[in-house]
Each structure stands twice: as structure tokens, then as C-alpha cells.
Amino acid sequence: MARPPRPPRLLRSLHSLRSLRARSAAAAGLAAAAAFTTGAFWLSHSLYDSQLNDAKVAAQARLDVAVADMRTGHVPASGLLLGDRVYALVLDSGRLLEVSPDLEPFRAQVAAQLTPLPADEQVSRTLTLDAPATATASRLAHHTLPLYGQSAGGISGYSIQSGFGEPDRGERTVTAYLLVPPWDAERVQESVQRLLLVAGPFAVLLVAAIAWAVTARAMRRVEAIRAQMASITAQHLDRRVPVPSTADEIAHLATTTNQTLQKLDHAVTAQRRFVADASHELRSPLAGLRTSLEVALTHPDRTDWPTVVRAARADTVRLQHLADDLLLLARPPVAAPAHHTRVELTDLARDVAAELPHGTSRITVHADRPLEVPGNAAQLHRLLRNLLENALRHAADHVTVTLTEDPGPDGHWAVLEVLDDGPGIPAPDRERVFAPFTRLDEARTRDTGGAGLGLAIARDLATRHHGTLALADSPAGARFLLRLPLPPHPARTP
């Protein structure tokens, strides 16, 4: 048979983009891009601010040294031009004395914004420069620059040149202003931005590639689990998915999957065993009924027809009871009992004891006080009847039913104990007797022993009423303990 054609490469590429690893890689790349962009923006501005702050500190220190030298009259005004710092001088009369070459195109703007300071006063502010007057001043255009000012009094005219050809004689108070251009900070910022612009895409691609590889590795383990699950059928429920050695979520998923498969395997095995046992139990009475009817029909003149009909009727009734029991066990074991009412357990136990044929054994019911439990009266009647029938079947002479209240730490319980004086049940078999179709006494006949469903139904009904049924230790005979929850106070009287 010819293999189906492979989908076109474009469709395969689109399918790959829809895969979990592609989405994970894309999400990781986008997250890395967002984080990298935010980090780059923050780093760039942090470096700019740091460089500018360093320049401000250096400018203030240089201004202090220059003004101190000016007071001594030893350093001319041109000594303020230090490095790439920009300065301006203002006389005490308000006249702009001198500006550095970079500020010369902005002389009018500077003269309008700078004012003299009183003697020995300092100030820190900003200077705003608008459109440049010449092309050479474009470097400072459209900037708001940090500005530091400090005044020096008692300076003679011979120490500071006015710049107009004549010395300014007499003592003056001169205000020196020093600006801090952002050129160093901008150079550092531009260098970092160029580096981040080159390294950013590579970092994003690296993160996306790592996410792709990690997700692909995880998906290989998930694919192994999926492939094994796809191969498990009703005939191969014993198979299990591989559990990775890593203690991560995928390993937990594989462990939980195996636990679920094990429960399913046990449930299917129990169902098959139940069906086989039920078929066996139904086959025997049907075969007996068919045989008796065929013999009667073969020899009709020698057949006691009333006896045959009575036997057939007995077998039919037994089959009907067996079918009812099987239907009851086939219901969900955790289903809540229908038509909840308050059932008086003490009276119910006495009524069931009175209904049963005792034979050579007798039943005694002991109860300190009435005990009402919520539940279905018909189902609780069936539960007690099955327990007492089982006890009478094995008792030598006496069956004792005792009802008490247990105020345990997990709530109040009604406890019904059924104790017979028979041979008892060995400890290894105490749990097995509650399985359907279990018969410990192989010598019992089916007519007296039943189908082995009574105790299974009794436990199932106890579970439906949120109670428990178990075998307890006893010095002689079998001791069954039925625990049913009592309603909360105040419905329960002391």
C-alpha cells in the first residue's frame, strides 16, 4: 500500500510553530526582549546620571579652587577654563565680564539669566540654552545645563581682565559661574547603547534557543508517555508508562498515570472475575432447572409434575434473588442512599431477628438506648438480615446482637455488634469473606450456603451509608462490627 504523501514544507513549518516548544521559545524570547530592553534603558540612564553626577562634583571642586585663587589675586580669570568645563564671570554691577568660547554665541541668553551674588555666597541651579546663534554653538543648543555659582569679593581690577582692553580698576565682587556640559555622560551613554544594540538580539536568540532545547527535551519524555499510553488496550492493562529519573512535574505525571493504570487494571480484573463468578453461579441452577424439566418432558407419564413445578419454582426464586443481588452489587459503591429517613436501629434489629427462622439457635438483642441513624430503611433492613443470616448459619447455639454508641474523635457512631458462637473465621480470611462469591466452608451445599454474596452486599450497603463493616477479634466465634454515623446534636438526645 502506498504511503500517504507528506504535507508540504510550509504546512510542516506552521505546525512546528504551533507546537509547545515553539510557543515556549517564542514566549521566552519575548520575555527576554522585554527584560533586556527595560534593563538596557535603565542601565543607559543610570550610567548617564552617574557620569553627570561625577562631572558635577568635579566642577564644584574646580570652582572652589579657582575662586580661592582669585581671592589671592594670583590667578587670572582665564584660569577658570579647566578641561571641557564652560564658565562665565559676572561683575558685582551685573555686567557680564567674560564667557568661555563655547558660550560666546549664547552671550545674550547667558547675560539675561546670570546675576551677581552677594560676597562669599554659593548657588546651584540650571542654565537653559535655546537655539544656537551659530553652527559652532549647536553642541550646547537645546540643553538645560547644571550651573554652579560662587562669589569672591575684594578682587582688584588688575587681577581680572575685562576683555575690553582696559583693566577694571578698583575692588569688585565677582560672581563666577561654572557649567557642566553632558558631553562625557553622552559619550558613555552612546557607547553603552551601541554595545547593547549589538548584544541584545544575540541574548534574545540565545534565551529562545535554550527554551527551545529545554522544552524539546521535556516533550520527549511526554511523547514517550503518550506513545506508551496509546499502545495500552484492554488486553494489555499491565503495561506502565516510563517514569523519568527526575523528580519534576513530568515524573509526577508519569507516577500518577501508572497509579491510575494500576487502579484500572485492578478494576477490570475484578470486573472480569465478577462476571466469571456470576456466570458460574447462574449456570449451575439453570443447568439443574433445565435438566429436571428435560427429564420430566422425556418421561411425562412417570413424572410427578407438582414436585417438578415446585422444584422449578424454587430454582426460579433462587435465580431471581441471585439476579437482584448481582444488580445491587453492580451499582456504584459510593452512591448515597436514596430516600434518607431516620431509622431506629434498635427496633430494626429486633424486627429482623424476629423475622428469621432460628432453628436450633436463638438471637438476643441488647441495647442501652434507641439509636437513630440517617439512611434507607429497606437497605439497612437488608444489611442486618444478611449479617444475622450469616451468623445463624454458623452459630452452634446462640447469636448476640449488641448496640452501643461510640463518641469517638471523628464523630458519634452507632456500633452494632453481631457475635455468634460458631467456629469463627481465621484472621487471614477476615477480609476475603467480604469478596463476592466467597465460601470458606467448601462442604456447605448451595441450598444452605447461598451464593456467597451476603457479606459483600452487607459491606456495600454499609459503605453507601458512609459506615464501615469489618470482622474484629473474638475469643470464640465470629464478631462483626457495623459502624454507622449518628446525626449531629441536637437530633441525638443524651
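Residues numbered from 1 in each chain as written. Predicted model: local features only at pLDDT ≥ 70, side-chain atom pairs only at ≥ 80, totals over all residues. Heavy atoms only, no water.

## Some words on the packing of aromatic side chains
In step 1: A complete count under the given rule lists one aromatic pair for this structure.
In step 2: Geometrically, the ring pair formed by phenylalanine 434 and phenylalanine 480 is edge-to-face, given 6.1 Å between the ring centres and 85° between the ring planes. Here phenylalanine 434, found in the loop between β10 (411-420) and α9 (446-449), pairs with phenylalanine 480, found in strand β12 (residues 479-485); they are 46 residues apart in sequence, far enough to count as distant.
In step 3: For phenylalanine 434, a relative accessible area of 7% translates into the label buried. (Phe/Tyr/Trp six-rings, centres within 6.5 Å; stacked < 30°, edge-to-face > 60°. Helix = DSSP H or I, 4+ residues; strand = E, 2+ residues; numbered from the N terminus. Buried < 20%, exposed > 50% of the residue type's maximum accessible area, 1.4 Å probe, protein only.)

## Considering the nonpolar core
In step 1: Grouped together as the largest cluster of nonpolar side chains are 41 residues, with contacts concentrated most on Leu345, Leu384, Val401, Leu416, Val418 and Phe480.
In step 2: Ignoring anything within four residues of it in the chain, the contact list for valine 418 reads Leu387, Leu388, Ala391, Val399, Thr400, Val401, Ala478, Arg479 and Phe480.
In step 3: If you look at the next biggest cluster of nonpolar residues, it comprises 18 residues, including Phe106, Leu114, Leu117 and Leu127. (Core = buried A, V, L, I, M, F, W, Y, C linked by side-chain atoms within 4.5 Å. Contact = heavy atoms within 4.5 Å.)

## A short note on the packing of helix α8 (residues 377-394) against helix α10 (residues 454-464)
In step 1: Between α8 and α10, the shortest axis-to-axis distance is 9 Å and the interhelical angle comes to 145°. α8 and α10 meet at a crossing whose hand is left-handed. Where α8 abuts α10, its residues Gln379, Arg382, Leu383, Asn386, Leu387 and Asn390 lie against Gly454, Leu455, Ile457, Ala458, Leu461, Ala462 and Arg464.
In step 2: Classifying every residue of the contact of α8 with α10 by side-chain character gives seven nonpolar, four polar and two charged. (Axes fitted to C-alpha atoms, helices over the stretch in contact; angles between N-to-C directions. Left-handed = near helix turned anticlockwise from the far one by under 90°. Nonpolar A, V, L, I, M, F, W, Y, C, P; charged D, E, K, R; others polar.)

## Describing α8
In step 1: Under the 1.5 Å per step criterion, the end-to-end length of α8 is 26 Å for 18 residues, consistent within 8% with the ideal 26 Å.
In step 2: Burial in α8 covers these residues: Gln379, Leu380, Leu383, Leu384, Asn386, Leu387, Leu388, Asn390, Ala391 and Leu392. (Expected span 1.5 Å × (residues − 1).)

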